[in-house]
Amino acid sequence: MAKDIGRALQSVAVVGAYNTPQARSLPGHTSSSVTLDAARGALAQAGLRMPDVDGFNVTVGMDAEASAAFAYDVGATGFWIGREMDGVQAVMEAALAVAAGECDVALIASGQASIYTDRDSTAPWTRPTNEFIETWGLHTAVEWALPAQRYLHEFGVKPEDLAHIPATIRNYGAANPEAVYHGRGPFTADDILASRMVASPYRLLDCATTSEGGSAVVLTTMERARDLPTKPIRLLGGGREEWGPTYVNPPTYTRTGMVGRRAAAAAFAQAGIAREDVDVFEVYDNFTYEVVRYFEAYGYCGPGEGAQLLTPENIRLDGRYPICTDGGLMSHSHTGFSQLTQKVVRAVQQLRGEAKVNQVAGAKVALANWPKGLLLMTSE
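A short tour of the structure in this document, coming up. (Residues numbered from 1 in each chain as written. Predicted model: local features only at pLDDT ≥ 70, side-chain atom pairs only at ≥ 80, totals over all residues. Heavy atoms only, no water.)

**A closer look at helix H4 (residues 88–99)**
1) Next: In this model H4 runs 16 Å from its N-terminal to its C-terminal C-alpha over twelve residues, within 8% of the 16 Å that 1.5 Å per residue would give.
2) Next: Regarding H4, the residues found buried are Val-88, Gln-89, Ala-90, Val-91, Met-92, Glu-93, Ala-94, Ala-95, Ala-97 and Val-98.
3) Next: Positive phi shows up at Gly-101, right after H4, with a value of about 85 degrees. (Helix = DSSP H or I, 4+ residues; strand = E, 2+ residues; numbered from the N terminus. Expected span 1.5 Å × (residues − 1). Buried < 20%, exposed > 50% of the residue type's maximum accessible area, 1.4 Å probe, protein only.)

**Some points on the pattern of salt bridges**
1) Next: Taken as a whole, this structure holds 13 salt bridges when the rule is applied.
2) Next: For the salt bridge of Arg-7 with Asp-4, the shortest nitrogen-to-oxygen distance reads 2.3 Å. Taken together, the positions of Arg-7 and Asp-4, both in helix H1 (residues 2–10) and three residues apart, correspond to about one turn of that helix.
3) Next: A relative accessible area of 45% means that Asp-4 is categorised as partly exposed.
4) Next: Between Asp-285 and Lys-343 there is a salt bridge; the shortest N-O distance is 2.8 Å. (Salt bridge = Lys/Arg side-chain N within 4 Å of Asp/Glu carboxyl O.)

**Things to note about the layout of surface pockets**
1) Next: Roughly 290 Å³ of volume is contained in the second largest pocket.
2) Next: Lining the second largest pocket are 18 residues, with Asn-19, Glu-178, Gln-349, Glu-354 and Lys-356 sitting closest to its centre.
3) Next: Residue assignment for the lining of the second largest pocket shows that the elements contributing at least two residues are strand E1 (12–19) and helix H16 (338–352).
4) Next: Per-class residue counts for the lining of the second largest pocket are six nonpolar, seven polar and five charged. (1 Å grid on protein atoms, 1.4 Å probe; cavity = no way out; pocket = protein on both sides within 12 Å on 5 of 7 lines; lining within 4 Å. Points joined across faces, edges and corners; volume = space filled by probe spheres on them. Nonpolar A, V, L, I, M, F, W, Y, C, P; charged D, E, K, R; others polar.)

**Structural notes on unusual backbone geometry**
1) Next: Cis geometry is adopted by the peptide bond preceding Pro-186, which originates at Gly-185 and carries an omega value of 5 degrees.
2) Next: Along the chain, Pro-186 turns up in the loop between helix H8 (164–175) and helix H9 (189–194).
3) Next: The amide bond that connects Ser-200 to the next residue, Pro-201, takes the cis arrangement and shows omega of 10 degrees.
4) Next: If you trace the backbone, Pro-201 turns up in the loop between strand E5 (197–199) and strand E6 (202–203).
5) Next: Even without being glycine, Asn-358 reaches a positive phi, approximately 65 degrees.

**Observations regarding the pairing of strand E10 (residues 365–370)**
Each regular strand carries side chains that alternate between the two faces of the sheet.
1) Next: The element E10 is largely enclosed, with a buried count of six among its six residues.
2) Next: Pairing of strand E9 (residues 280–282) with E10, which is carried by three bridges, proceeds in the parallel orientation. Opposite Phe-281, over in E10, you have Leu-367 as the bridge partner.
3) Next: Hairpin geometry of E10 and strand E11 (residues 373–378) is characterised by an intervening segment of two residues between the two adjacent antiparallel strands. (Pairing = 2+ DSSP bridges.)

**Comments concerning the sheet that holds E10**
1) Next: Ordered in space as E3-E2-E4-E7-E1-E8-E11-E10-E9, the nine strands form an open sheet in which the pairing is mixed. In the strand order of this sheet, the two ends are held by strand E3 (80–81) and E9, each with one partner.
2) Next: Strand contacts of H4: E1, strand E2 (55–60), E3, strand E4 (105–112), strand E7 (213–221), strand E8 (233–240), E10 and E11, with the helix running at about 115 degrees to E8, the strand carrying the most contacts.
3) Next: Of the strands in this sheet, E8, E10 and E11 touch helix H12 (residues 261–271), which is tilted by about 150 degrees from E8. (Contact = heavy atoms within 4.5 Å. Axes fitted to C-alpha atoms, helices over the stretch in contact; angles between N-to-C directions.)

Everything listed here is a matter of coordinates, which is why it stays silent on function.
What follows is the structure in structure tokens.
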């Protein structure tokens, strides 16, 4: 079964991958305008037009059900609709639809602007309406801090053992002109540890930012991709995995620590490659510990060993595990939903050799992820 899914995914390529300008705020823009800009940018890069698209997975602002209205508004008829959340899982779903002939060209696009206006409160997507948020204050940072705190206790890991990770990611953003926090830095591990506490063990510089912008990805068959102007990035394998409703049930380390192990096993089995064949890791850096967790869950090391694996030398651009090369969610950009697609966009840029600053030399295989899924891609 894994080989069959792998063959299906490998018949599909990313032909467009585009970020709009990203900023803390984009005056004069709306979620609709940046989503449309992202879609047009990805299609133009692929040498395609909106009438070529017959598959849609579009999120406008916080509206994850916007695909049908978007498709109708751009004149599409008889189209496929994706239901997965933006990012790697949406790409995997759309790729399988393309491989199955449900659509020929799939567009995944999203954008957010003018949503986070009340800066005295946390971002709106961090506080859905339920009793744990409204009564007990289980906002995003608090929720994600719970398994991290348990992890440190369980394995005797200290915050100072991990502080070089966000410092490295933020320094990649400081060097990237497209990052929201371009020029902010350089950062050291001591700078991370000196920032104010948000939710133990997370300090301010352990956490992702909030910003505005859009991102989009276009997929089609490898056969068609060969006739398009951009270098196709072929999918290799992917996996999806859940642990339970967020903001409702406590994300204990017992439940969440190894989420991704089964998904990674499936992805690498589909791809037919070894874990050490991956050259660049565009991982979801919403909080410091999560970066470590992925490498443990994905089988790169054992539980509690992530800090020893992700040394300062190993996560450099010329190291064995370069991570979050655009500055990630901590420095490049973190929008409501399109931040999920940004991980795929950056992986594609690396594989095309178009990352500009922070390019990983000779990158042939990339891993992009978020906490509930991962995707493997190749330029070969």
